[in-house]
Amino acid sequence: MARTSYRVRPETAVLTRGFDPALSVGSARPPVYRSSTYVFPSPEAAERAFQIVLGKVHPEGDDRADLIYARLNHPNAELAETHLVPLERSATAAAVFNSGMAAIVTVLITFLERGSSLIYTQPLYGGSQHLIHQIIEPLGFTAIGVPAGNTEALAAAIVRQPDLRLVLIETPANPTLVMTDIKAAASAISRHPRQPLLAVDNTLLGPTFQHPLMRGADLVIYSATKFLGGFSDLLGGAVIAADPELIQSLTGVRALLGNILQADESWILDSRLSTVALRMNRQSKNAQRIAEGLARHPRVKTMHYPSLFTDAAQMAIRDSQTDYPGSLMSFEIDGGRAAAFDFLRKLEIAKNAVSLGGVETLACHPKTTTHSEYSEEEFAAARINDSLVRVSVGTEHWRDLLADFTRALA
Ligand SMILES: *Cc1c(COP(=O)(O)O)cnc(C)c1O
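Residues numbered from 1 in each chain as written. Predicted model: local features only at pLDDT ≥ 70, side-chain atom pairs only at ≥ 80, totals over all residues. Heavy atoms only, no water.

A.B. asks: Can you explain the overall build of the protein chain? Please cite residues and give values.
C.D. replies: Scanning the protein chain from terminus to terminus reveals 14 helices and 12 strands. Computed over C-alpha atoms, the radius of gyration of the protein chain comes to 22 Å, within 12% of the 22 Å expected from 2.2 N^0.38 for 410 residues, which places it in the range of a compact globule. The C-alpha extent of the protein chain, read off along each of the three principal axes, is 75 × 50 × 35 Å. Scored against the burial criterion, the 410 residues of the protein chain give a buried share of 53%. (Helix = DSSP H or I, 4+ residues; strand = E, 2+ residues; numbered from the N terminus. Rg over C-alpha atoms; globule rule 2.2 N^0.38 Å. Buried < 20%, exposed > 50% of the residue type's maximum accessible area, 1.4 Å probe, protein only.)

A.B. asks: Please give an account of unusual backbone geometry that cites residues and values.
C.D. replies: Across the junction of T171 and P172, the peptide omega takes the value -5°, indicating a cis bond. Structurally, P172 can be placed in the loop between strand 4 (164-170) and helix 7 (182-190). In this structure, the amide linkage connecting N174 to the following residue, P175, adopts the cis form with an omega of 5°. Its identity is not glycine, yet V25 carries a phi of approximately 45°, on the positive side. Within the fold, V25 resides in the loop between helix 1 (10-16) and helix 2 (43-53). For V25, a relative accessible area of 87% gives the class exposed. The phi dihedral of Q195 falls on the positive side, at around 50°, and the residue is not glycine. One can find Q195 in the loop between helix 7 and strand 5 (197-201).

A.B. asks: Lay out the packing of helix 4 (residues 100-111) against helix 5 (residues 126-136) in plain terms, naming residues and giving numbers.
C.D. replies: For the pair helix 4 and helix 5, interaxial distance at closest approach is 11 Å and the crossing angle is 40°. Classed by the angle they form, the pair helix 4 and helix 5 counts as oblique. Crossing of helix 4 over helix 5 shows right-handed handedness. The residues of helix 5 that touch helix 4, namely those facing M101, I104, V105 and L108, are G127, S128, L131, I132 and I136. Here the contact of helix 4 with helix 5 is built from residues that sort into seven nonpolar, two polar and no charged. (Axes fitted to C-alpha atoms, helices over the stretch in contact; angles between N-to-C directions. Parallel < 35°, antiparallel > 145°, perpendicular 65-115°, else oblique. Left-handed = near helix turned anticlockwise from the far one by under 90°. Contact = heavy atoms within 4.5 Å. Nonpolar A, V, L, I, M, F, W, Y, C, P; charged D, E, K, R; others polar.)

A.B. asks: Provide a residue-level description of the site of the ligand, including the pertinent values.
C.D. replies: Within the structure, the ligand sits among S99, G100, M101, I104, Y125, E170, D201, T203, S223, T225, K226 and G236. At 2.9 Å from an oxygen atom of the ligand is found a main-chain nitrogen or oxygen belonging to G100. In this structure, an oxygen atom belonging to the ligand sits 2.7 Å away from a side-chain N or O atom of K226. Coverage of the ligand by the protein amounts to 94% of the 380 Å² it exposes when considered alone. (Near = heavy atom within 4 Å. Polar contact = N/O pair within 3.5 Å; in protein donor to acceptor, adjacent residues only side chain to side chain. Areas by Shrake-Rupley, 256 points an atom, 1.4 Å probe, with all protein chains shown as cover.)

A.B. asks: Hey, could you go over the sheet that holds strand 8 (residues 300-304) for me, with residue numbers and the actual values?
C.D. replies: Across a sheet, strands are paired by hydrogen bonds formed along the backbone, either parallel or antiparallel in direction. Strand order in the open sheet made by the five strands is 8-9-12-11-10, with mixed pairing throughout. The sheet terminates laterally at strand 8 and strand 10 (351-352), the two strands that pair on one side only. In the sheet, strand 9 (residues 328-333) pairs with strand 12 (residues 388-392) via five bridges, with the strands oriented antiparallel. For E332, the partnering residue across the bridge sits in strand 12 and is L388. The strands touched by helix 12 (residues 336-346) within the sheet are strand 9, strand 10, strand 11 (362-364) and strand 12, with strand 9 carrying the most contacts at an inclination of about 130°. (Pairing = 2+ DSSP bridges.)

A.B. asks: Residues and numbers for the environment of E245, please.
C.D. replies: When you line up the elements, E245 lands in helix 8 (residues 244-257). In this structure, the C-alpha to C-alpha distance between E245 and A93, residues 152 residues apart in sequence, is 8.7 Å.

A.B. asks: Tell me about a nonpolar patch on the surface, and name the residues and values.
C.D. replies: A contiguous nonpolar patch, built from F50, V53 and L54 and spanning about 280 Å² of accessible area, is present on the exposed surface. Relative to the assigned elements, L54 resides in the loop between helix 2 and helix 3 (75-87). Residue L54 is classed as exposed on the basis of its relative accessible area of 55%. (Patch = residues over 30% accessible without salt bridge, like charges linked within 9 Å, V, L, I, M, F, W, Y side chains within 5 Å. Salt bridge = Lys/Arg side-chain N within 4 Å of Asp/Glu carboxyl O.)

A.B. asks: Any details on the environment of P21? Residues and values, ideally.
C.D. replies: Within the element layout of this structure, P21 appears in the loop between helix 1 and helix 2. Judged by relative accessible area, P21 falls into the partly exposed class, the value being 31%. For the pair P21 and P31, spaced 10 residues apart in the sequence, the C-alpha separation amounts to 9.5 Å.

A.B. asks: A description of the nonpolar core should follow, citing residues and the corresponding values.
C.D. replies: Membership of the largest hydrophobic core comes to 34 residues, with the highest contact counts inside it found for L84, V96, Y222, L228, I240, L269 and L273. Put simply, the parts of the chain that give this core at least two residues each are helix 3, strand 1 (93-97), strand 6 (219-223), strand 7 (237-241), helix 9 (263-272) and helix 10 (276-294). Ignoring any residue separated from it by four or fewer positions in sequence, one finds L84 in contact with A94, V96, L228, A238, I240 and L273. V105, L112, A143 and L168 belong to the second largest nonpolar core, which has 30 residues in total. (Core = buried A, V, L, I, M, F, W, Y, C linked by side-chain atoms within 4.5 Å.)

A.B. asks: Please set out the sheet that holds strand 4 residue by residue, giving values where relevant.
C.D. replies: Strand order in the open sheet formed by seven strands is 1-7-6-5-4-2-3, and the pairing between neighbours is mixed. In this open sheet, the two edge strands, each paired with only one partner strand, are strand 1 and strand 3 (142-147). The sheet shows a mean angle of 20° between the axes of neighbouring strands, taken without regard to direction. Looking at chain direction, strand 2 (residues 117-122) and strand 3 are connected through six bridges and run parallel. Bridge assignment links S117 to a residue of strand 3, and that residue is T142.

A.B. asks: Outline the packing of helix 10 against helix 14 (residues 398-409), supporting the account with residue identities and numerical values.
C.D. replies: If you want to describe how two helices pack, look at the angle between their axes and the distance between the axes. Axis separation between helix 10 and helix 14 bottoms out at 9 Å; the angle between their running directions is 30°. In terms of axis orientation, helix 10 runs roughly parallel to helix 14. Every pair of crossing elements has a handedness; the one defined by helix 10 and helix 14 is right-handed. In this structure, helix 10 uses N286, R289, I290 and L294 to contact helix 14, whose residues at the interface are W398, L401, L402, F405 and L409. Here the contact of helix 10 with helix 14 is composed, by residue class, of seven nonpolar, one polar and one charged.

Here you go:
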């Protein structure tokens, strides 16, 4: 597939890499290739394609296997992957999955070895936490949770675990945006004799505002359903790495699990990638104005938003590892659950829905929805209470949104 002859910046690469219109009747935009199977130019080419896929032959330079079958690989997944790479600083390879959960489970299954253990920051996305408790632990892996933002506890846990294979960090943590120091975790890992892998779920601030590979992470994981997709109309996931062999291991397992992102969804995701930074910048600007406005409202008790952090350690992590505060905030409304529900009921522009990262503003009550399976101890540790609402700010005009929130608080 075509490539520009000189190096270009990410905004350009995302629109120019990997697609040659001449191979598709001159179509300016890539078509959807819905084929489940691919015709080989010769039996020898078929043999070679299988040898490459099974790792018996290693292609060199631009030489590559012919396409075989869409569960292994297909042009639209390749295009989305080719365009994710320039968006993630320091990346060389990417793999797309049919949801964020599919990406996470494939990382765990691929890299955890028999008898090895996993460390993760708490809270994690609810689905990730369930996955660990309901599937990974019963399979015999030890999983150790460490409170998000606690740099010393995370480093100590890494040192204490001789059979450690993988560290999974989610930063900022949902819904209170507590940040965990990626570089400090990578540094603790670098002193571990087994060299475990560091995976960062970068869904909330990446790829535009936080760059884990540059801070020592090995794998960056996304729910592409959120900012990458950006319009709340597709499910997808992605894993991106600086080491292409890590991605090759993942795509091998993906072919067995059958959880590659399908052609239509890959095409939609690919078409959204050129606007991720535009959308995220606008959404972050909106959110910052709204968070700073609402923080002064007499009925808003506590505002969780990166530009309004007051804890010195959290401010230091924010300043060193993130570029902008992003578009997610959560805040406590005076009056407990009844007041929080009333607020959600009265919203006219923002919609009462879970999920985040879309161009439309969404609001929810974490305690009874996204985090409803937590125990009382977990609620307390994650600072999730009855008064708390979470908002994902979209691209509407911020004054209209602030007026909507202010009306709903009245
Ligand atoms: C939504 C989300 C996931 C799960 O992604 P799906 O696409 O819903 O499977 C994982 N991690 C984070 C941080 C998320 O927000």
